[in-house]
Structure formats: structure tokens, C-alpha cells
Amino acid sequence: MTKACHPAPRAAAAGPRRTVELDSTQALALLSRASLGRIVFTQRALPAVRPVNHLVDNGEIIIRTHDSSPLITQAARHGSQGFVVAYQADDIDPFSHLGWSVVATGYCRQVTDPCDLLRYERLLHPWSDRPMDCAVRIRPHLVTGIRLVDAPPDAPH
């Protein structure tokens, strides 16, 4: 007996949207208000993505992590030179499809200053129950973003 293929029910489609480019200052301000993001890096020559919470501190993205994380391993391997990562966060409403998305690309380095580590321990509380005694900082070289807004009624689709 062959099973019929029925598409899953969908939510009602939102109206047309317009994409508005954000400048780097606007994008970084939105990123600083987000509680969750995704860090994208290379692991064993393949792209890897991890959800993390973060803090934006003086224009740098701070992530607390554990001493055996791939981020710490990469940072140790590259030293003060750092390694290239992308950091992405968004806030898009699942029903209206309105919101924003930001991507910051830059070099990731391990935070080694004990005072900075203590400060970040007070300010940033990772969601994992694993001890997070290390931190990395991303100094963005490129910050881009878009905002999805309602298209005017007379805008072409």
C-alpha cells in the first residue's frame, strides 16, 4: 500500500516584506541587546556552528566557554594572531516575519587577563551547566545587518 504524501499544514503567510540594510553601528547595537547568537568557525577543516550567549563589551563580542572547547583549542593554536569567525544573531518573529539579523566577522582570541575573566564571569552567565572558566573575544572587522519590515502596500512583490 502506497502512502499518500500530504504537505504539513502551514501558518498563514505574512504579507510582503522589505529588507532594510543596517549600518555597522545599528547592527552592533541590536547585537548587544540579543541574548543568544551562533558562532561559526572551522573545526577539522569543516564549518562548525554553536549556539552561545554573549556580551558586547566596548565593541567586542565576549563568549565564556570551557577549557576543552574547540574555540579555546583554536585560540591556543593561533595565539595573539587569532582566527577568523563569524557571529550571527537575529530576532525574527515567527508569525509576522518581521525583525532583524546581524552578522559580525572578525578575529577570535582567548581572553587571558585575569581581571577581564573575573569581570566577564560577573557579567555573563552561560546557560550550560558545564564550568565555563575561559572566555574568547571577537573583535569584529565587518558588521552587517538587515531589518525585515512591512513593505508599503503599493510596493511591487
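For the structure, check the block above.
**Thoughts on the overall build of the protein chain**
Now for step 1: The helix and strand tally for the protein chain stands at three helices and eight strands.
Now for step 2: Taken from the N to the C terminus, the helices and strands of the protein chain come in the order β-α-β-β-β-β-α-β-β-α-β.
Now for step 3: Within the protein chain, the fraction of its 157 residues that count as buried is 34%.

**A word on the environment of Arg119**
Now for step 1: Inspection of the secondary structure puts Arg119 in helix α3 (residues 114-123).
Now for step 2: Judged by relative accessible area, Arg119 falls into the partly exposed class, the value being 30%.
Now for step 3: A polar contact of 2.8 Å, which involves the side chain of Arg119, links it to the side chain of Asp57.

**Re the pairing of strand β8 (residues 134-150)**
Now for step 1: For strand β1 (residues 17-22) and β8, the ladder comprises six bridges, and the chain directions are antiparallel. The residue of β8 that forms the bridge with Arg17 is Asp150.
Now for step 2: Here strand β5 (residues 60-65) runs beside β8; their pairing, made up of five bridges, is antiparallel. Of the residues in β8, the one forming a bridge with Ile63 is Val136.
Now for step 3: Alignment of strand β7 (residues 99-110) against β8, held across 12 bridges, turns out to be antiparallel. Looking at β8, one finds that Ala104 is bridged to Val143.

**Some details on unusual backbone geometry**
Now for step 1: Phi angles above zero are rare outside glycine, and Arg44 is one such case at about 55°.
Now for step 2: The topology assignment puts Arg44 in the loop between β2 (37-43) and β3 (46-52).
Now for step 3: The residue His97 is not glycine, and still its phi comes out positive at about 60°.
Now for step 4: Within the secondary structure, His97 is located in the loop between β6 (83-92) and β7.
Now for step 5: His97 gets classed as partly exposed once you look at its relative accessible area, which sits at 35%.

The rules behind the values
Residues numbered from 1 in each chain as written. Predicted model: local features only at pLDDT ≥ 70, side-chain atom pairs only at ≥ 80, totals over all residues. Heavy atoms only, no water. Helix = DSSP H or I, 4+ residues; strand = E, 2+ residues; numbered from the N terminus. Buried < 20%, exposed > 50% of the residue type's maximum accessible area, 1.4 Å probe, protein only. Polar contact = N/O pair within 3.5 Å; in protein donor to acceptor, adjacent residues only side chain to side chain. Pairing = 2+ DSSP bridges.

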